[in-house]
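Listed here are the chains, written in short residue letters.
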Amino acid sequence: MKNILYTFVITAAVAFTSSCNKEKTAIDDAQDANEEVIDAQKSRVDANAENSIDQVEEDAEKAKADIKAKQDAMNAELDAEKIRLEAEAKAAKEKLDAEQR
């Protein structure tokens, strides 16, 4: 009778252990799957961040080039205006000098 009882206890322990191992394996598999999903999401986030940084840098370069072009155009206008005013001043001075002679 003791042998039957021991056999039953051992069988129950083995069945319980086997069941626990299956549950642990299932949990581990679920965790591995979750980690793979998280890693994939991290990769997508990193790629998006990289793309965003590249786009911001590209936009900044374009804005800087636009600002430089506008500054150059304004400087060219100012230079032309300066030359025009200097020519007018020179002509007025020559006219005044001619009138005084």
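Summary of the structure given here.

1. Some details on the pattern of salt bridges
Inspection of the entire model under this criterion finds 5 salt bridges. Between aspartate 72 and lysine 68 there is a salt bridge, with the nearest N and O atoms lying 3.3 Å from each other. Of this pair, aspartate 72 and lysine 68 both sit in helix H1 (residues 2-100), 4 residues apart, which is roughly one turn of that helix. Here glutamate 81 makes a salt bridge to arginine 84, at a shortest N to O gap of 2.4 Å. Placement of the pair is glutamate 81 and arginine 84 together in helix H1, with a separation of 3 residues, close to one helical turn. Taking relative accessible area as the criterion, glutamate 81 reaches 35% and is therefore assigned partly exposed. Each of Glu81, Arg84 and Glu88 takes part in a single network of salt bridges with overlapping partners.

Reading the values: the criteria
- Every chain's residues receive numbers from 1 upward, in the order its sequence appears when written.
- Note on the predicted model: pLDDT of at least 70 is required for a residue's local features to be given, and 80 or more for side-chain atom pairs to be given and counted; whole-chain, interface and lining totals, by contrast, use all residues.
- Side-chain numbers come from the whole structure's heavy atoms, not from hydrogens or water.
- Salt bridges are identified by distance alone: a Lys or Arg side-chain nitrogen within 4 Å of an Asp or Glu carboxyl oxygen.
- Going along the chain from the N terminus, every DSSP run of H or I of four or more residues is numbered as a helix, and every run of E of two or more is numbered as a strand.
- Buried means the residue's accessible area, taken with a 1.4 Å probe over protein chains only, is under 20% of the maximum for its type, while exposed means over 50%, and partly exposed covers the values in between.

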